[in-house]
Structure formats: C-alpha cells, structure tokens
Amino acid sequence: MRVPVPLRHAYRLLNHGPTTLVSTAAGDRRNVMAAAWVMPLDFEPPRFAAVVAADTWTRELLAASGECVLHAPTDAQLDLVWAVGSRSGRDGDKFTALGIATEPASLVAAPLVAGCAAWLECRVVPEPAQQDAYDLFVLECTAAWADDALWQDGEWRFSPGSPRTIHHLTGGVFFTTGERLAAAREKRAT
C-alpha cells in the first residue's frame, strides 16, 4: 500500500541511487522514461537533480508543465524499465502500448506508475542555465510516497524475497539493492 513519507525524509527514497522512472504530463499528452541520473540535492525543502536530455519527449512535457513524478521501480518492473527507456514517447503513448497501470498523483498532473517502491511528486525549480548547459533539472518534491511493505520507520527494509529497487549498469544489465549492512558506531565523548 502507498503511504505518505514526510517531506523532510523524501531524500531517503532515492539516496541509495536507484534507477528511476520520470513521468510527465501536459494537457492530454503524457510520457514516462527511465533515468539513471537522478539524485537528492537538499533536505528542506527536498530537492532532487535529474538529467533529462534536450531532445526527449519527456523534456518537452517537463518544460510545458513544470512538473513530474520520480519513481523508484522494483525488480518486478525490470522489463518495463528497459522498455520505457528504449523507446520514444513521440512514437505513441507508452502507457497504452505497454499496458502500464497508473494512479493519479495528489498535486501534479503526471501519473504515478503503479507497483513502484516510491513516488515523488515534483515541480521544476527554474534554473534555465543549468537546463540548457547540462540538461540538469532541479526538482522540488511536493509530495512523497512509499510502499509500506518496503518502507518502515522512515527507511528502506528490503527483506529476503521482497521486491528491491534496481540500479542500471549498462545495456540492459541491472543490479538489485543488496543486503542491509550497518557500520559500527563509535561512542561519542561526553
């Protein structure tokens, strides 16, 4: 079930560097693309950086609407991630062509892709020089959600056999998020 995540913790949803999906909508047009270069930038307000190439349909819709949704897909969606990253939305609606289930977002027009581990509704922070020079968009998160089976007590809890977020290496090769490890913590002097 999708549960809200406090905005002060939104950065935690993507801090581990998963491949993301970026959905956009403007008017009756919509799109979804895979993105490997998305990361948290700031805590409060929560901001993210996303590289969206200038010649993409997603970029056109992002520029038109000023908003998007960042998603953390799971290994169950691996083929979907590869498919949306391998075709252009200019050639037809990927949601219809691929049978992608969606839900409405709470604050933006872009749809939420069902079945993900996390969803972050975002608005573009105007930075035209960064966008033009580096295809880099700064996005402020306005609402954040996570799958309660994977997100507990403000952090990821990927148990054995549960879905895991994915990380793209190259050419359709991915890794899943691995085993949870905790470093020994030194006692602080008092």
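If you're wondering where the values come from, they're calculated on a predicted model, not measured in any experiment.

Quick look at the pattern of salt bridges
Within the structure shown, the criterion is met by nine salt bridges. Linking Arg90 and Glu60 is a salt bridge whose minimum nitrogen-to-oxygen distance equals 3.0 Å. Of this pair, Arg90 sits in the loop between α2 (78-85) and α3 (94-98) while Glu60 sits in helix α1 (residues 57-65), and the two are 30 residues apart along the sequence. Residue class for Glu60 comes out partly exposed when judged on its relative accessible area of 34%. Residues joined in a network through salt bridges with shared partners are Arg29, Glu60 and Arg90.

Section: unusual backbone geometry
Trans peptide bonds make up most of the peptide bonds, and negative phi angles are found at most residues other than glycine. Here the residue pair Glu44 and Pro45 is connected by a cis peptide bond, since its omega of 0° sits within 30 degrees of zero. Mapping Pro45 onto the fold places it in the loop between β4 (38-42) and β5 (47-51). Even without being glycine, Asp135 reaches a positive phi, approximately 60°. Structurally, the position occupied by Asp135 is in the loop between α4 (128-134) and β10 (136-147). Phi at Asp153 takes a positive value of approximately 55°, unusual for a residue other than glycine. With respect to the helices and strands, the residue Asp153 is situated in the loop between β11 (151-152) and β12 (155-156).

Structural notes on the nonpolar core
Residues Leu13, Leu70, Leu120, Leu139 and Trp156 are the most contacted members of the largest nonpolar core, which totals 29 residues. Sorting the residues of this core by element identifies β3 (29-35), β5, β6 (67-72), β9 (118-125) and β10 as the ones contributing at least two each. Apart from the residues within four sequence positions on either side, Trp156 is in contact with Arg12, Leu13, His16, Ala117, Ala118, Leu150, Trp151 and Arg180. One finds Leu80, Val84, Leu112 and Ile166 within the second-largest nonpolar core, a separate group that totals 19 residues.

Things to note about the pairing of β6
Burial analysis of β6 places six of its six residues in the buried class, which makes it a mostly covered element. Side chains of β6 alternate between two faces, with Glu67, Val69 and His71 and Cys68, Leu70 and Ala72 buried alike. Looking at chain direction, strand β2 (residues 20-26) and β6 are connected through three bridges and run antiparallel. Looking at β6, one finds that Val22 is bridged to Leu70. With six bridges connecting them, β6 and β9 associate as antiparallel partners.

Analysis parameters
- Residues numbered from 1 in each chain as written.
- Predicted model: local features only at pLDDT ≥ 70, side-chain atom pairs only at ≥ 80, totals over all residues.
- Heavy atoms only, no water.
- Salt bridge = Lys/Arg side-chain N within 4 Å of Asp/Glu carboxyl O.
- Helix = DSSP H or I, 4+ residues; strand = E, 2+ residues; numbered from the N terminus.
- Buried < 20%, exposed > 50% of the residue type's maximum accessible area, 1.4 Å probe, protein only.
- Core = buried A, V, L, I, M, F, W, Y, C linked by side-chain atoms within 4.5 Å.
- Contact = heavy atoms within 4.5 Å.
- Pairing = 2+ DSSP bridges.

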